[in-house]
Amino acid sequence: MDAPEAGCTGAADRGLADAVREESMKKIVPEYEFTAEERARVRALASACGLHELTAAILYSRGIDTPEKAERFLSPSAKHFLSPFLMRGMRELTDAIAEVRAAGGLVAVYGDYDADGIGAAAILLSALRRFGVRAVAHVPERAEGYGMSVSSLEKIIDEYAPSLIVTVDCGVSNRAEAEYIKSRGVRVIVTDHHELPERLPDCTVVNPKLADDYPYDNLCGAGVAFKIACALLGKDAYDLLDIAAVSTVADSVPLTGENRDIVFEGLRRINKNPRAALKYLLASKKDAVDAQTLAFTVAPRVNAAGRMGDAQSALRLLTSEDEKEVYDLAVRLNAFNAERQQVCDEVYKSARAKLAEGGAYDDAILLYGEDWSQGLIGIVAARLAEEFNRPVVLFAEKDGLLKGSARTVENVNVYEALRACAEHLEAFGGHAQAAGVTVRKENFEALRAAMNAYIRGKYATEDFQPSFAVCAREMPSAELVRELERIEPCGVGNKKPLFAVSAGSVAASPLKEGSPHVAFRAEGTELVWFGGGRSRELLSCDVPKEIVFECGLSRFRGTESVRGIVRDVLCAQEGGACTELYLFRAALRRLAAKPVQVNAVYESAEKIERRIAAARESCRYGLLLLGGERVPAPLAGVCEGLEGELFRLAAPNVGNALVLTPAADEDFSMYREVVFLETPADFHIASLGGRTVYVNADAPCTLFDGLDTSREALAGVYRAIRAGVAGEDSVSAALAQEEFPPRQFVFAAEVFAELGLVRIGGGMLRAAGGKRTELAKSAIYRAAAERGNV
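Note that this is a predicted model, so its numbers are computed, not measured.

1. Some words on the overall build of the chain
Then, number 1: Scanning the chain from terminus to terminus reveals 26 helices and 27 strands.
Then, number 2: Its C-alpha radius of gyration of 30 Å places the chain within 12% of the 28 Å reference for a compact globule of 790 residues.
Then, number 3: With the C-alpha coordinates aligned to their principal axes, the bounding extent of the chain is approximately 100 × 65 × 60 Å.
Then, number 4: The buried share of the chain, taken over its 790 residues, is 55%.
Then, number 5: In the chain, of all internal contacts separated by at least 6 residues, the share reaching a separation of at least 24 is 69%.
Then, number 6: Working note: accessible area of the chain is about 33,200 Å², and carbon and sulfur atoms make up 47% of it.
Then, number 7: Distance between charge centroids for the chain: 4 Å, based on 93 positive and 112 negative side chains.

Structural data, given as structure tokens:
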């Protein structure tokens, strides 16, 4: 058997009993759990505020535990804005700007190339000009790197001769660059929001994370710039809230406290009277704009300019007063975004290919590509972190240095992980969920080993397990959903509440013909699952399910109804006769898929058991077990703790997994060891092509046991179908009739469907009239007949 890969060391000593708890299945957890005393406080909070108890429970669990805090939270407003002068360094900054204005000098704003840095530069540049001081702004391109650079500073000073340089969204880690500015006889003030290094620049620093009287430390760079604007202009700065809102959402800072007020007021202005830049970026949106719209429509387009090497276009878009120029720039940003999406897909595929070569089994994923775009690796890192549910750092190579972007999952602080590995780094900065990092190429492997060692020692298995925190296992009423709308704007630090309901067999229909999205009803409420078309077979099974969803209100002609958006469907392994038939049908259908060549190694059940145990003890990633309708009894013990997933992987994170009757088109390419728990009727799984797989030789194929494949038997089922059999599919029809054994009926109906002799739709199985063919043309029939059951 293959030796464990790097990154799995340390797991073998724990033994199978511990390894059982390491598998990365998705799970549902309660958003909160209260003691009896806390529950009493929740009820008191609900009573005092006139809220539903569930709303009060959500607020209480998020630290909003008094009527005063609840009133503050549920009524976000500019009236809650804090005085900017509580922030350390703010008075020195405004005095310095006033001195430059009085002297007729110029202020240069130094920003960053992402949506936060661009937004911050736009806000401060606009505020300075309104304040009556001459000002210019510079946002570096990604090729220049994050933060200030001496080369860019030299150009700014030589061209503009500024009296003062003010940074926004950067600078707190640029001590040397600040010294260069001073050496040129220019004053510098740093405004930033990132984590503080051990040594600050030797100048005035404005950062909410400094120890001062400012009680809120989660502002983004544009949030800090907005506070500077308020210090200069008072309430006249409030028309810059829309830009601050975009940047706040884009930078993934918590939507709590003052950030919540900023986003709420910014959205109110965008929905009431959007500036031209946002109007054009939102041209395709007809519904009300919310925080999710900013996150998925506006922010990507602003970011796209910096990612594609033209951050100045985004800055001009947000500061120009020429509407034609604004329109042209919006068109350019939309084009950048489309190009960005295409190139991102290429980087993503390249990173996935590198992972497939053996890098998907560490607790942190670190990769670099020689031809990857520095501007796009952050997006791809975020996508991979969500997909594999662990920290990801991707690097682009340039001049012997690897410049990277780190993204992580909720429970793992990537900034602290990088800080712990600082001896291997040239530079790093950021915050808990995202960071930038630079390392020499020769130190890459040392960094990877050190980071994995730190994370492995710091975090428990549960920190990497995909989970959904639900606030209730019930279908909420329209009245409750309307009340929960007051929790908006939702996002990081203030998630949209999730619900879960139980279900058995569910009849799902495409939103329209050919759509990959489906809709179905649960407890009388319509639920929509985007991308759920691949799981229609799973939904149809009577296996117990937990449907996790977000709730909203559908308003139509004066009436309101609850409508849910499905986040995921989690299934138990145990099901009834219906589930067994769907598994049987899936196995039949796979027979008709394109044949795949594998290197099948047949081993005894005893050897298979040892193989599984060794793999699970050595690592929680990379082992794939494939079964039929159930796990063979001799292997049940070694598979304990792996909940059988039906047809498809519940999570794509390459966690050790057990899949019953796997679909032909499911992607298992990332798994390094594949074991069939019984001899399958076929190996028609495209992602296993050319792979070595291990097969339990002591568990023969039983798929066709008890079937009558004679022409007479199939003709009998065909006559019944011609007479009319109700059912949404062959399984429901088989259970609705009593003339034939259900498996026999499903077998025959699937053979006829493959041959085009039967059509399924409209709640009926119907014979296709006037068509004749040979049974031997059916791959399903041939496979059964070849086993000597004729």
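2. Quick word on the packing of helix α4 (residues 67–74) against helix α11 (residues 257–272)
Then, number 1: Contact geometry for α4 and α11: axes closest at 10 Å, N-to-C directions at 30 degrees. On α11, the residues that touch Arg 72, Phe 73 and Leu 74 of α4 are Gly 257, Glu 258, Arg 260 and Asp 261.
Then, number 2: Of the residues assigned to the contact of α4 with α11, the class counts are two nonpolar, one polar and four charged.

3. Observations concerning the confidence of the model for the chain
Then, number 1: Of all residues in the chain, 96% have pLDDT values of 70 or greater, and the mean over the chain is 91.
Then, number 2: Taken as a whole, residues 9–24 scores under 50 in pLDDT and shows 33 contacts with residues more than four places along the chain or in a different chain.

4. A word on α11
Then, number 1: For α11, built from 16 residues, the straight-helix expectation of 22 Å at 1.5 Å per residue is met to within 8% by its first-to-last C-alpha distance of 23 Å.
Then, number 2: Turning to α11, the residues buried within the fold contact α4, α9 (221–233), α10 (241–250), α12 (276–281) and α13 (291–307).

5. Points about the environment of Lys 771
Then, number 1: With respect to the helices, strands and loops of the structure, Lys 771 is situated in the loop between β27 (764–767) and α26 (779–789).
Then, number 2: For Lys 771 and Leu 367, which are 404 residues apart along the polypeptide, the C-alpha to C-alpha distance reads 56 Å.
Then, number 3: If we ignore the near neighbours within four places in the chain, the residues touching Lys 771 are Leu 755, Gly 756 and Leu 757.

6. Observations regarding the pattern of salt bridges
Two side chains bearing opposite charge may form a pair once their charged atoms approach each other closely.
Then, number 1: Summed over all chains, the structure comprises 49 salt bridges.
Then, number 2: Measuring nitrogen to oxygen at the nearest pair gives 2.6 Å for the salt bridge that ties Glu 37 to Arg 41. Residue Glu 37 and its partner Arg 41 are located together in helix α2 (residues 36–49), separated by four residues, close to a single helical turn.
Then, number 3: Residue classification places Glu 37 among the exposed residues on the basis of a relative accessible area of 52%.
Then, number 4: Among the residues examined, Arg 41 registers a relative accessible area of 42% and is labelled partly exposed.

7. Let's talk about the sheet that holds strand β5 (residues 187–191)
Then, number 1: Taking strand neighbours across the sheet as the criterion, the five strands line up as β3-β2-β4-β5-β6 in an open arrangement whose pairing is parallel. The open sheet has two edge strands, β3 (134–138) and β6 (204–206), and neither has a second partner. Each adjacent strand pair in this sheet contributes to an overall mean axis angle of 20 degrees, direction not counted.
Then, number 2: Strand direction decides the pairing type here: β5 and β6, joined by three bridges, are parallel. Bridging from a neighbouring strand, Thr 191 pairs with Val 206 of β6.

What counts, and at which threshold
Residues numbered from 1 in each chain as written. Predicted model: local features only at pLDDT ≥ 70, side-chain atom pairs only at ≥ 80, totals over all residues. Heavy atoms only, no water. Helix = DSSP H or I, 4+ residues; strand = E, 2+ residues; numbered from the N terminus. Rg over C-alpha atoms; globule rule 2.2 N^0.38 Å. Buried < 20%, exposed > 50% of the residue type's maximum accessible area, 1.4 Å probe, protein only. Contact = heavy atoms within 4.5 Å. Areas by Shrake-Rupley, 256 points an atom, 1.4 Å probe, with all protein chains shown as cover. Lys, Arg positive; Asp, Glu negative; His and termini not counted. Charge placed at Lys NZ, Arg CZ, Asp CG, Glu CD. Axes fitted to C-alpha atoms, helices over the stretch in contact; angles between N-to-C directions. Nonpolar A, V, L, I, M, F, W, Y, C, P; charged D, E, K, R; others polar. pLDDT = per-residue confidence, 0-100. Expected span 1.5 Å × (residues − 1). Salt bridge = Lys/Arg side-chain N within 4 Å of Asp/Glu carboxyl O. Pairing = 2+ DSSP bridges.

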